[in-house]
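# A look at the structure
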Amino acid sequence: MCVILLVSPFLWAGGAKEQKAAQPIQLTLWVYANPDGRWNVFQGFIDEWNKTKPSVQIKMEQIPFDRYMGEVLAAALVGGRGPDLFLLSRGDYRKYVEGGLVYPVDEFLSPQMKADFLPQVLEAVTYKGKIMTYPFEMDPVVLFYNKEMFAKAGLQPPKTWDELYETAVKLTTPQTYGIYLAPAPNAYQNFIFSPFVWMAGADFADPDIKESRFKGPGAEKALDLWRRLAQAKATPTTAIVESLANGLAAMEVAGPWKIGSYRRNFKEFYETKMGIAPLPTPTANDKPITVYGGWGFAINSKSPHIKQAGEFITWIFSDPNRGVRWTTQGRTCLAPQKSIRDTQDHRAFWEDPKHRVFLDVMTTARSEAANPEEINKIIQDAIQKAFAGQGTISEIVAEADLRITEYIRTQRK
């Protein structure tokens, strides 16, 4: 006997839909590559999510830092080939936000979540009333130094710019630079340069980008300090990897992320040679100012999975234990969320005398400036010209001021 089974095409189509629906959604997260091991910690968070959330899987991809900070990320987002999630720093985020490439995160943050953040942190990532990224780091900049080199030279950490220059020159040898600043022309250079400009009484532009403030004696004094260090060959004009820990520099202006790198990869330096001090001020009578930055999660406005992306970024640090692991074992940074900062482990790590200076300088810290890419580029050009001795400091600053003013004028049309 022959039995013929007739399967309704509607039932078959429904089965196919169910089978398709069972496939997990995959979100891609782009991060900048870093060899210091920080992303191993973060991968642990992703593994935990993927194990407990089988319907939404996260894949992290590391992009070489120079390419990430260059055009690769921007081109991918504009071309519709970008990741669902990516990292954005305040110093580089304006072009993405103004270009409509970032989806605001407000709808994913409950009132309780917003109240957990330090107010100034959310304010720093708010654009036209919308919170554009989920900030998860605070990185105040300080002066790292090699205690062994200082002890052999009979020197103390400098407290003024004159002392900084003199100390850097004294510690410069054919094998070692006196100080490592930020020689590569990118947003990180603007970040490191900004507290020097602020302490001298100048700025790059006003917060609303309506006028140039890179002008006058303040801007000239800050730029001249960097120029003199370069001319004395006390600071390099090209990038060096881990200059301080590798013994290629006696001082370095950087943030708390260095601690994680030193602890993982340069244990002897971390334990016996690493010293940390506040940034020197122009004179002994000037008030100290530093800058803090930090990365935040951004959602691609063109992602087909915005809801799932929002759920992931709010999940990560909803558990203070994950926040502690990132801020003390991952990138090492201060947490912007009170629920993480108030944990015993976070307090113990950052109140340790070895690290305490970061908490101290936060009282003088200003958020990284969110300037347009064009203004950042003008400042970078000024620094490169100062390094190369192309013109007097007054001429270089006047040219940069004019270019910033002209750029702002063209944006009003």
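All of the points below concern the structure found in this document. Owing to the predicted nature of the structure, the values given are computational and were not obtained by experimental measurement.

So, on to the environment of Gly310. Structurally, the position occupied by Gly310 is in helix 14 (residues 306-316). Using a relative accessible area of 1% as the deciding quantity, one classes Gly310 as buried. Once the C-alpha coordinates of Gly310 and Ala298 are considered, the two residues, twelve residues apart in sequence, prove to be 9.2 Å apart. Once residues within four sequence positions are removed from consideration, Gly310 is found in contact with Phe108 and Ile299.

The computed volume of the largest pocket comes to approximately 970 Å³. Lining of the largest pocket is provided by 38 residues; of these, Asn34, Phe65, Tyr188, Trp257 and Lys258 occupy positions nearest its centre. Counting only elements with at least two residues in the lining of the largest pocket, the list comes to helix 3 (65-69), helix 10 (187-199) and helix 12 (257-265). By volume, the second largest pocket is sized at about 740 Å³. Lining the second largest pocket are 29 residues, and of these Arg94, Pro207, Asp208, Ile209 and Ala370 sit closest to its centre. For the lining of the second largest pocket, the residue count by class is twelve nonpolar, five polar and twelve charged. Mapped onto the domain boundaries, the lining of the second largest pocket takes at least three residues apiece from domain 1 (23-138 + 294-367) and domain 2 (140-291 + 372-411).

Reading the values: rules and limits
- Residues numbered from 1 in each chain as written.
- Predicted model: local features only at pLDDT ≥ 70, side-chain atom pairs only at ≥ 80, totals over all residues.
- Heavy atoms only, no water.
- Helix = DSSP H or I, 4+ residues; strand = E, 2+ residues; numbered from the N terminus.
- Buried < 20%, exposed > 50% of the residue type's maximum accessible area, 1.4 Å probe, protein only.
- Contact = heavy atoms within 4.5 Å.
- 1 Å grid on protein atoms, 1.4 Å probe; cavity = no way out; pocket = protein on both sides within 12 Å on 5 of 7 lines; lining within 4 Å.
- Points joined across faces, edges and corners; volume = space filled by probe spheres on them.
- Nonpolar A, V, L, I, M, F, W, Y, C, P; charged D, E, K, R; others polar.
- Domains from an automatic or database assignment.

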